[in-house]
Amino acid sequence: MSRSPSFSVKPELASEVDEKSLQQWVVAFCIIRFDLEQGQLIEECYPPGALTQSEELEVSFSSFPDSVSQNHNRSSIHDCIFFFRIKRHKAPDILNIKSSEIVEVDNKISSQKPIGEAVQESNCQNNYDSRFLYGFVFNRQRHDERLKRGGEQKSVVILSHSPYTSVFRPLLQIMGPLYFDIGNKALNYIAAYVSKWPVPVPGQQVELPIGNASLKVNLPPSHSLPSDNGFFEDSASSLAPLLPSNLSIPQGLFHDSDLFGTFRGLLMQLWKLWELLLVGEPILIIAPTPPQCCEAVAGLVSLVAPLLFSVDFRPYFTIHDPEFAKLNSLKEGSSFPPMILGVTNLFFLKALRNMPHIVSVGSPTSNSSRFTLASKGLPGGIPCQNEGFGIQHLSFRKFTPANFLNAVKLRRDGPLCLMTEHKEAVWTNYAAVTKPDTSILNRLIDAGLSPRVEESMSVVNNDILRRHFLELTTNFLAPFGPYFRANTPSEASSPFADPPPLPSFNAEEFLSSLSARGPGKFLQKRMRSNWLDLYRRFLNGHNFLPWFQRKRAVAEQEQYKLWRQARVKTNINQLIRTMSELEIVDSFNAIERHLQGEMQQYGIANEDTEAVSEKLKKDLKIVFSVLPKDMQQLLIMNPERASLLQENHECSDLPKHTLLPDGVVSSA
């Protein structure tokens, strides 16, 4: 892996780093060296002070493979790129929501900050999840028998709050070799370019200049990204349970992961794995190398798009992670927390031997991108499944005694058989509801033996698989659509009144209603008769509540915007003509409340806040002018209200009133 000869940097940019702008993309750049006597050492961290001491330690341990690769010549260089995810020590504790609180979803949402206030405060807050830190690693192992232990290791690491693999992987392909060419100056060069990038906009394609090159990438959509502040920039289209027309735009995290290449030997198991991810089950993924390991975790997370994936996932997990001590101390029979752990160290097979679902992927050979295509049809219903799919022949191998004996052996030996020989397999007792879609598998294309053809065919196969699982997830979530439907003001109602609440949700009522009407044609032919059990497990799992609350919050934000727009467009003179005196008083109070809300947000809210405020002031004075004199006198006894009514006298629609010192309204 080497830097392109055409890439060049401009040295004059080295001193032009805007650290505030840099933080929108990157927390820090680190150079980490493996020292034979002291272990992992951070040689350089820019900007300094970005990490706590404990975070520096975690980043250091997570930035190296568990062992030096042995598949190289005595004098050679081996580069690899992978990424990890760790918890930030400065971050607030994650709210632990119990499944028993499902029925109280509406109470939880209504107890949050008023939606209008949350919308208007959004522009001055960061909308990323700062509880986790993503580390993108360019690791170089240099084998040289003249050195101690025959070699050395160094890693170039980009740390970010954002899981932008589509950005940081290609950036590392430039930055890693550049560092080994020119040293620490590379950090300043790259930081200078990154600090001049535009603000990241989720769900958009962005062009990011770097030297004389440019990265053209798609960022994951906002509905797939957790947020710290409770405000979400999800578009209204994300509310509709429909398959998007343009599938080149990412619909979830890690849209660029090689789903087909990673799970090529386990394609028949993808539907079972999809269910395990959907309901938030803990999964241990074992691979020979960190790149294969993190690619497998990323691929699985991408399977459930467009669902907000709320289960903790670690693309590359080591025994030095603080979470390992907690997992290792779990008592016999205790349930594992919902986590997706990617590991390469076989010690985890013994330490976490009670993990309910274990997946083994990848190849220990030096060319890890190639997998055997031989079909291995095994009888269903056994704890170990490693059925492949014969893409070349597009058929299943018939049952043979040898295959049956291999299946029995895998079941008997369990995952510990990986200690002697790496095999691709899934160990689980989970009985899936969804049936593998052989029509999708039949569309996959065999790459043959050419690496160039393989790469292009892998892109096609990934698109086929990703589209199918996107459609599968979208149809599964479709029955929840009515609970996210924003209401618009009707012609007979006043836009100044409070909008009606969204439909309330009760888990048992939902399941009963769904049982009566069925899951829909798409799911009906792909799921077994016990399909309702999958919905029940989903409601009790760890993905449902965060996703449901997120969708409700987005629906309320959308409803707030619709009603706000309706207030601006309303002709107040026409509206109050048919109102009774009591309704006019209610309208006055409602307009005043909305006006105060807008005025509190001057300078930090929507660009049209001032214009909306002026419109509401005029409406307030018009409504005030038609009220009886005694009511007017009563209302302007409040000094703040009187001040509002005195402003904007130039309003042409307003009859001229004068506020006398004794509080009496005089008409001109």
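Residues numbered from 1 in each chain as written. Predicted model: local features only at pLDDT ≥ 70, side-chain atom pairs only at ≥ 80, totals over all residues. Heavy atoms only, no water.

## Focus on the packing of aromatic side chains
Taken as a whole, this structure holds 40 aromatic pairs when the rule is applied. When the centroid spacing of 5.3 Å and the interplanar angle of 80° are considered together, the rings of Phe476 and Phe538 count as edge-to-face. Note that Phe476 is positioned in helix α14 (residues 451–477) and Phe538 in helix α17 (residues 531–540), a separation of 62 residues in sequence. Phe476 sits in the buried class, given a relative accessible area of 0%. (Phe/Tyr/Trp six-rings, centres within 6.5 Å; stacked < 30°, edge-to-face > 60°. Helix = DSSP H or I, 4+ residues; strand = E, 2+ residues; numbered from the N terminus. Buried < 20%, exposed > 50% of the residue type's maximum accessible area, 1.4 Å probe, protein only.)

## Let's talk about unusual backbone geometry
Looking along the chain, the bond that leaves Tyr46 and enters Pro47 is cis, with omega of -5°. Relative to the elements of secondary structure, Pro47 occurs in the loop between β2 (39–46) and α2 (53–62). With an omega dihedral of 10°, the bond running from Ala305 to Pro306 counts as a cis peptide bond. Of note, Pro306 is situated in the loop between α9 (290–303) and β9 (312–314).

## Comments concerning the confidence of the model for the protein chain
Looking at the protein chain, pLDDT values average 79 and 75% of them are 70 or higher. Within the model, pLDDT remains below 50 along residues 68–72, and this stretch shows eleven contacts once partners closer than five positions in the same chain are excluded. Of the regions scoring below 50 in pLDDT, residues 387–398 engages in 38 contacts with residues more than four places distant in sequence or in other chains. (pLDDT = per-residue confidence, 0-100. Contact = heavy atoms within 4.5 Å.)

## Quick word on the nonpolar core
Residues Phe29, Leu159, Trp274, Phe476, Phe480 and Trp547 are the most contacted members of the largest nonpolar core, which totals 128 residues. Setting aside residues up to four positions removed in sequence, Phe476 forms contacts with Trp274, Leu278, Leu523, Met527, Leu534, Tyr535 and Phe538. In terms of nonpolar packing, the next biggest core, distinct from the first, is built from 23 residues, Leu595, Val623, Leu627 and Ile636 among them. (Core = buried A, V, L, I, M, F, W, Y, C linked by side-chain atoms within 4.5 Å.)

## Digging into the pairing of strand β6 (residues 205–210)
Covered by surrounding structure in β6 are Val206, Leu208 and Ile210 only, the residues Gln205, Glu207 and Pro209 on the alternate face being uncovered. Bridge count for β6 against strand β7 (residues 213–218) is six bridges, and the pairing is antiparallel. The partner of Pro209 across the bridge, within β7, is Ser214. In textbook terms, the turn of a hairpin is the stretch between consecutive antiparallel strands, and for β6 and β7 this stretch comprises two residues, one of which, Gly211, has a positive phi near 65°. (Pairing = 2+ DSSP bridges.)

## Re the pattern of salt bridges
Following the criterion strictly, the structure yields 18 salt bridges and no others. In this structure, Arg33 and Glu43 form a salt bridge, with 2.5 Å as the shortest nitrogen-oxygen distance. Here Arg33, found in strand β1 (residues 28–35), pairs with Glu43, found in strand β2; they are ten residues apart in sequence, far enough to count as distant. Under the relative-accessibility criterion, Glu43 is labelled partly exposed at 35%. Here Glu614 makes a salt bridge to Lys617, at a shortest N to O gap of 3.4 Å. Linking Glu614 with Lys617, this pair stays in helix α21 (residues 609–625), spanning three residues, or about one helical turn. Exposure remark for Glu614: the relative accessible area of 27% places this residue in the partly exposed category. Judged by its relative accessible area of 8%, Lys617 falls in the buried class. Where salt bridges share partners, they join Arg85, Asp312, Arg314 and Asp321 into one cluster. (Salt bridge = Lys/Arg side-chain N within 4 Å of Asp/Glu carboxyl O.)

## Let's talk about helix α5 (residues 165–182)
With 18 residues, α5 extends 25 Å from end C-alpha to end C-alpha; this agrees with the ideal 26 Å at 1.5 Å per step. Maximal helix bending in α5 amounts to about 30°, located at Leu172. Here α5 lies mainly inside the structure; 13 of its 18 residues are buried. Gly183 occupies a position one or two residues after α5 and carries a positive phi of about 80°. (Expected span 1.5 Å × (residues − 1). Bend = angle between axes of the 7 residues up to and from the residue.)

## Some thoughts on the state of the cysteines
Using the criterion set out here, one finds zero disulfides in the structure. The thiol of Cys80 is unpaired, and the distance to the nearest cysteine sulfur, on Cys294, comes to 8.9 Å. In this structure Cys80 comes out as buried when scored by relative accessible area, which is 9%. (Disulfide = S-S within 2.5 Å.)

## Regarding the sheet that holds strand β5 (residues 151–160)
An order of β2-β1-β5-β4-β3 is seen for the five strands of this open sheet, with the pairing classed as antiparallel. Each edge of the open sheet is held by one strand with a lone partner, namely β2 and β3 (76–87). Sheet twist, expressed as the mean angle between neighbouring strand axes with direction ignored, is 20°. Sitting on the sheet, α2 touches β1, β2, β3 and β5, and the angle it makes with β3 is about 140°. (Axes fitted to C-alpha atoms, helices over the stretch in contact; angles between N-to-C directions.)

## Describing the packing of helix α18 (residues 544–569) against α21
When two helices pack together, their arrangement is given by the angle between their axes and by how far apart the axes lie. Across the interface, α18 lies against α21 with an axial gap of 9 Å and an inter-helix angle of 55°. By the criterion of interaxial angle, the relationship of α18 to α21 is oblique. The hand of the α18/α21 crossing is left-handed. In contact with Arg564, Arg567 and Val568 of α18, α21 contributes Thr609, Val612, Lys615 and Asp619. Residues belonging to the contact of α18 with α21 are distributed by class as follows: two nonpolar, one polar and four charged. (Parallel < 35°, antiparallel > 145°, perpendicular 65-115°, else oblique. Left-handed = near helix turned anticlockwise from the far one by under 90°. Nonpolar A, V, L, I, M, F, W, Y, C, P; charged D, E, K, R; others polar.)

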